[in-house]
Amino acid sequence: MSERTKNLPRRSCHATPGSNEKMLGKAPGLGADMVFLDLEDSVSPLEKEAAREKIVKAINEQDWGDTVLCVRVNAWDTEWTYRDVTYIVENASERLDEIMLPKVQSAAEVVALDLLLTQIEKTMGHSRRVGIEAQIETARGLINVEEICAASDRLETIIFGPADFAASTEMPVLTGGVQIPEYPGDHFHYVFSKILMAGRANGLQVIDGPFLKIRELDALRDYAMRTRILGFDGKWSLHPDQVTVINEVFTPTQEQFDKAFDILEAYEKATTEGERRGAVMFGDEMIDEASRKMATKFVTRGERAGMTRSAS
Ligand code: GLV
Ligand code: MG
C-alpha cells in the first residue's frame with residue numbers, strides 16, 4: 001500500500017477513460033476524492049496501447065492536488081495486463097498512487113500484481129510503493145473475496161463491480177448497478193455484506209461500483225444510501241454530476257458529526273471522572289465503549305471530508 005493514500009477519503013471514485021484526452025484533462029477539477037484513469041472496459045481494444053501514453057502524460061503533466069490517483073489496468077485473462085502495469089509504473093511519476101486490478105478471481109492474481117510491482121520498483125529504483133485496488137465482479141471472485149482481501153499488504157480497497165457481476169451471475173438485467181423494482185428487497189444485499197465483511201476484516205476501504213443511469217441523480221442518491229448505511233466508504237462516479245451527489249451521501253451530516261463529538265466528550269468524562277463509569281446516560285440513550293467506537297468513525301469520516309465541529 002501507499003502510506004499517503006491508505007486512509008485518504010474515497011467518497012467519490014471517478015472513472016475516466018484513458019483514451020479520451022478531453023476527459024483526462026477535466027478529471028482533476030471535478031471534486032472527486034479519487035480518480036482512476038482507465039485502460040480496461042471504457043477503452044476500445046484498438047485504443048489500449050495509445051491510451052497508456054495518454055494516461056502517463058496526464059499523470060505527469062496535470063496538477064492532481066490531493067486526489068488519490070489510480071490507473072485501472074486490464075484483467076489477467078487478457079493479453080494486456082503485464083504491459084499495462086510495466087508501461088504505466090515505469091513511466092508515470094511518483095504521483096501515481098495505485099493500480100486497480102479488475103475482475104479479480106483469486107488471491108493469486110493479487111499476489112502476481114504485487115510481485116510484478118516489486119520487480120518494477122526495484123529495477124527503476126523507485127522509493128514509492130504503489131498500492132492496489134481490487135475489483136470483485138465475478139461469482140468466483142465473490143467466493144474467494146476473503147483470501148483476496150488478505151493477499152497483499154499493498155491492498156488499499158476492495159470494490160464491487162455490479163455490471164460485470166450481473167453478467168457473471170447471469171442476472172436477467174441490461175443495466176448495471178441500479179435497483180430492480182421487481183425484486184422484493186435488494187438483489188445485491190448478500191454481495192454488499194460479504195464484500196464489506198472481507199474488506200473490514202483486513203483493514204481495507206470498501207467501495208461500491210457504478211450506477212449506470214447517469215441522468216437519474218435522485219435514483220443514484222437513493223441507491224448510494226444503501227451501501228453508505230451498510231458502512232461502505234464511497235462509490236464510483238461516471239459523470240461529473242454524479243460526483244456531487246456521491247460526496248454528499250458519503251459525508252456525515254453536521255448534526256451527526258456534532259453528536260458524535262458530544263458522545264465522545266460525555267463518554268470520556270464518564271469513564272475518567274467521579275465514579276468512573278463504563279456505561280452512562282447520554283440524553284435518553286445509554287452509551288458505552290461501543291458507542292465511542294461508532295462515534296469515532298463519524299468523526300474520522302467527517303474530518304476526512306474537511307468538516308469541523310459547530311460552535312456550541
Ligand atoms: C465495474 O467495473 C462494473 O463492472 O460494474
Ligand atoms: Mg467491470
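Please refer to the structure higher up on the page.
Residues numbered from 1 in each chain as written. Chains lettered and ligands numbered in written order. Predicted model: local features only at pLDDT ≥ 70, side-chain atom pairs only at ≥ 80, totals over all residues. Heavy atoms only, no water.

Undergrad: Go over the packing of aromatic side chains with me, naming the residues and quoting the values.
TA: Evaluation of the coordinates by the stated rule reveals 10 aromatic pairs. Relative to phenylalanine 165, the ring of phenylalanine 160 lies with its centre 5.4 Å away and its plane at 70°, an arrangement referred to as edge-to-face. Taken as a pair, phenylalanine 160 and phenylalanine 165 share a single burial class, namely buried. Note on phenylalanine 192 and phenylalanine 232: the rings are 5.8 Å apart at their centroids and 75° apart in plane angle, and the pair reads as edge-to-face. Of this pair, phenylalanine 192 sits in helix α8 (residues 189–201) while phenylalanine 232 sits in the loop between α9 (217–230) and β8 (234–237), and the two are 40 residues apart along the sequence. Across the pair, exposure class does not vary: phenylalanine 192 and phenylalanine 232 are buried alike. (Phe/Tyr/Trp six-rings, centres within 6.5 Å; stacked < 30°, edge-to-face > 60°. Buried < 20%, exposed > 50% of the residue type's maximum accessible area, 1.4 Å probe, protein only. Helix = DSSP H or I, 4+ residues; strand = E, 2+ residues; numbered from the N terminus.)

Undergrad: Explain the packing of helix α2 (residues 48–61) against helix α3 (residues 81–91) residue by residue, including any values.
TA: Where α2 meets α3, the closest approach of the two axes is 10 Å, and the angle between their N-to-C directions is 25°. On the basis of their axis angle, the class for α2 and α3 is roughly parallel. With respect to the hand of their crossing, α2 and α3 are arranged in right-handed fashion. Residue-level inspection shows Arg52, Glu53, Ile55, Val56 and Asn60 of α2 in contact with α3, the latter providing Arg83, Asp84, Tyr87, Ile88 and Asn91. Here the contact of α2 with α3 is built from residues that sort into 4 nonpolar, 2 polar and 4 charged. (Axes fitted to C-alpha atoms, helices over the stretch in contact; angles between N-to-C directions. Parallel < 35°, antiparallel > 145°, perpendicular 65-115°, else oblique. Left-handed = near helix turned anticlockwise from the far one by under 90°. Contact = heavy atoms within 4.5 Å. Nonpolar A, V, L, I, M, F, W, Y, C, P; charged D, E, K, R; others polar.)

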